[in-house]
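Listed below, chain by chain, are the residues.
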Amino acid sequence: SAEETADTYGVSIGAGVSAVADRHSLVFGNDAAKWLVLDADQTTVGNAGIALIAENIVANDVAFNAGGLDNAWAYSGAKSWLADYAATAFDASYLSYIMDTTKDASTEICFQQNWGEDALSAEKLFFLSAEEVEQYFYNDSIDGLIATYDGVAEGWWLRSAYADRDIYAGVVSDAGFVGYPHIAATWGARPAFNISADVVAVSSAAVGGKMWHHPCTNGTADVKTSQKLKGCFGRERSHIMKREKIY
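Residues numbered from 1 in each chain as written. Predicted model: local features only at pLDDT ≥ 70, side-chain atom pairs only at ≥ 80, totals over all residues. Heavy atoms only, no water.

Student: Would you mind going over the overall build of the protein with me for this structure?
Tutor: Looking only at helices and strands, the protein has 5 helices and 17 strands in total. Within the structure as shown, the protein displays about 11,000 Å² of accessible surface, and the carbon and sulfur contribution to it stands at 49%. (Helix = DSSP H or I, 4+ residues; strand = E, 2+ residues; numbered from the N terminus. Areas by Shrake-Rupley, 256 points an atom, 1.4 Å probe, with all protein chains shown as cover.)

In structure tokens, the structure reads:
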């Protein structure tokens, strides 16, 4: 079977990125946290840069909105929680290199559900939307969506409001399915953010010198191309898109 341990790169401030590819892992922040590269060339809004998400869940007791009355991301407790987290996870030098991300509000049909508000307004850290989960993990296996907290698989919030009722918001469950629990429930936090490729430099090679490749890359780092290989994940796409309502 393919190597499943991602390359881990130390990150320092300075020159341009070298040899970072999709699904590599960057070490970035005060506590040497690991961040999975979603896209090594573009931010989540299509600008030049690098899109990152926490390799695993950083907290498992976060409510989307503890008051349970509004599922809009802009007014959510989860957004406020992320601002507090950013202040402790990154000192001023790191924060200065995390890009402010703005995204217009949009509605989508993803994972066979209607999703509402997911706008971003000059935000450093955010949760992925249902649309972005589909974009970055659509061709991946279910395991690509599963994240852990202290070694145990748990679910994690999305920022997408469930369009049909304002007391639900999106999550990825511990089994890797997208659902919509009550916004007052507590689930995991898996922050995402964008950094500029111009201010990050690779300072160390992979741990143990092992080079990781995605199970479908045939030894290359070109995940996007390799994902076109028929059947390389051994699952039908309809299985990946399975949904469940989570209470």
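Student: In this structure, what is going on with helix α3 (residues 130-137)? I would like to understand it.
Tutor: Every α-helix carries 3.6 residues per turn, so stepping three or four residues along brings you back to the same face. The buried count for α3 comes to 6 of 8 residues, which makes it a mostly enclosed element. Three or more residues of α3 are buried, namely Ala130, Glu132, Val133, Glu134, Tyr136 and Phe137. (Buried < 20%, exposed > 50% of the residue type's maximum accessible area, 1.4 Å probe, protein only.)

Student: How should I be thinking about the environment of Asn71 in this particular structure?
Tutor: Looking at where Asn71 falls in the secondary structure, it is placed in the loop between β5 (59-63) and α1 (77-89). C-alpha separation for the pair Asn71 and Arg159, spaced 88 residues apart in sequence, amounts to 8.8 Å. Setting aside anything within four residues of it in sequence, one finds Asn71 in contact with Phe64, Ala161, Tyr162, Arg165, Asp166, Ile167, Tyr168 and Ile183. Here Arg165 takes part through its backbone oxygen, which lies 3.1 Å from a polar atom of the side chain of Asn71. (Contact = heavy atoms within 4.5 Å. Polar contact = N/O pair within 3.5 Å; in protein donor to acceptor, adjacent residues only side chain to side chain.)

Student: When you look at the side chain of Glu132 in this model, what are you seeing that I'm missing?
Tutor: Along the chain, Glu132 turns up in helix α3. On the basis of relative accessible area, Glu132 is assigned to the buried category, the value being 2%. A distance of 2.8 Å separates the side chain of Glu132 from the side chain of Arg159, its partner in a polar contact. Other than its neighbours up to four places away in sequence, Glu132 contacts Thr44, Lys103, Phe127 and Arg159.

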